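Read off the chains here:
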Amino acid sequence: MDKTTMTKEILIAKEDKGLSWEAIAQAIGMSPEWTTSACLGMNSMPADKAAALCKCLDLSGDVAAALEKFPLKTWEQAVPTDPLVYRIYEIVGVYGTTIKELIHEKFGDGIMSAIDFTMDIQKKEDPKGDRVVITLDGKFLPYKSW
């Protein structure tokens, strides 16, 4: 089974069971952000977590095997058209160089790891309209000189 088919089966089962990503993540003992990413095909799951997810959603071993496969992390479009995803691209497009400058000023020449990384998404209630709080927490990796 490929990652695309795996994701379709997971989304159908999730909807059929009326479960949230939060509930699924809790059932397998992982964060909702990481669980969602793995279910959408962008991360691989350890065997025990894949088995737990398939048990939670009543899915086959084929889905578990697909969850365990290493993903190909690519995107189909140069700029996505989904409005929410596009706005994240817009944020990086507008503020990416600012973020880069400030990271370099504080840490030196290097990058933020997307491997040694966590993400947290929270809702912050506000009388003017609820706020989205996204925390990206990645290890700083300096470039080496040799």
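Refer to the structure above for everything that follows.
These remarks concern the structure in this document. (Residues numbered from 1 in each chain as written. Predicted model: local features only at pLDDT ≥ 70, side-chain atom pairs only at ≥ 80, totals over all residues. Heavy atoms only, no water.)

1. Digging into the side chain of Thr35
Within the secondary structure layout, Thr35 lies in helix H3 (residues 32–39). In this structure Thr35 comes out as buried when scored by relative accessible area, which is 0%. A polar side-chain atom of Thr35 sits 2.7 Å from the main-chain carbonyl oxygen of Ser31. Not counting residues up to four positions away in its chain, the partners in contact with Thr35 are Ile24, Ala25, Ile28, Met30, Met45 and Leu53. (Helix = DSSP H or I, 4+ residues; strand = E, 2+ residues; numbered from the N terminus. Buried < 20%, exposed > 50% of the residue type's maximum accessible area, 1.4 Å probe, protein only. Polar contact = N/O pair within 3.5 Å; in protein donor to acceptor, adjacent residues only side chain to side chain. Contact = heavy atoms within 4.5 Å.)

2. A look at the nonpolar core
One finds Ile10, Met45, Leu53, Leu57, Leu59, Val63 and Leu67 to be the most contacted residues of the largest nonpolar core, which totals 18 residues. Not counting residues within four places of it along the chain, the set of residues in contact with Leu59 comprises Glu9, Ile10, Ala13 and Cys54. (Core = buried A, V, L, I, M, F, W, Y, C linked by side-chain atoms within 4.5 Å.)

3. Remarks on the pairing of strand S1 (residues 110–124)
Strand direction decides the pairing type here: S1 and strand S2 (residues 131–142), joined by 11 bridges, are antiparallel. The residue of S2 that forms the bridge with Gly110 is Pro142. Two successive antiparallel strands, S1 and S2, enclose a turn made up of six residues, where Gly129 displays a positive phi of approximately 130°. (Pairing = 2+ DSSP bridges.)

4. Looking at the environment of Ala65
Positionally, Ala65 belongs in helix H5 (residues 61–68). Residue classification places Ala65 among the partly exposed residues on the basis of a relative accessible area of 39%. Sequence-wise, Ala65 and Ala50 are 15 residues apart; in three dimensions their C-alpha atoms are separated by 7.6 Å.

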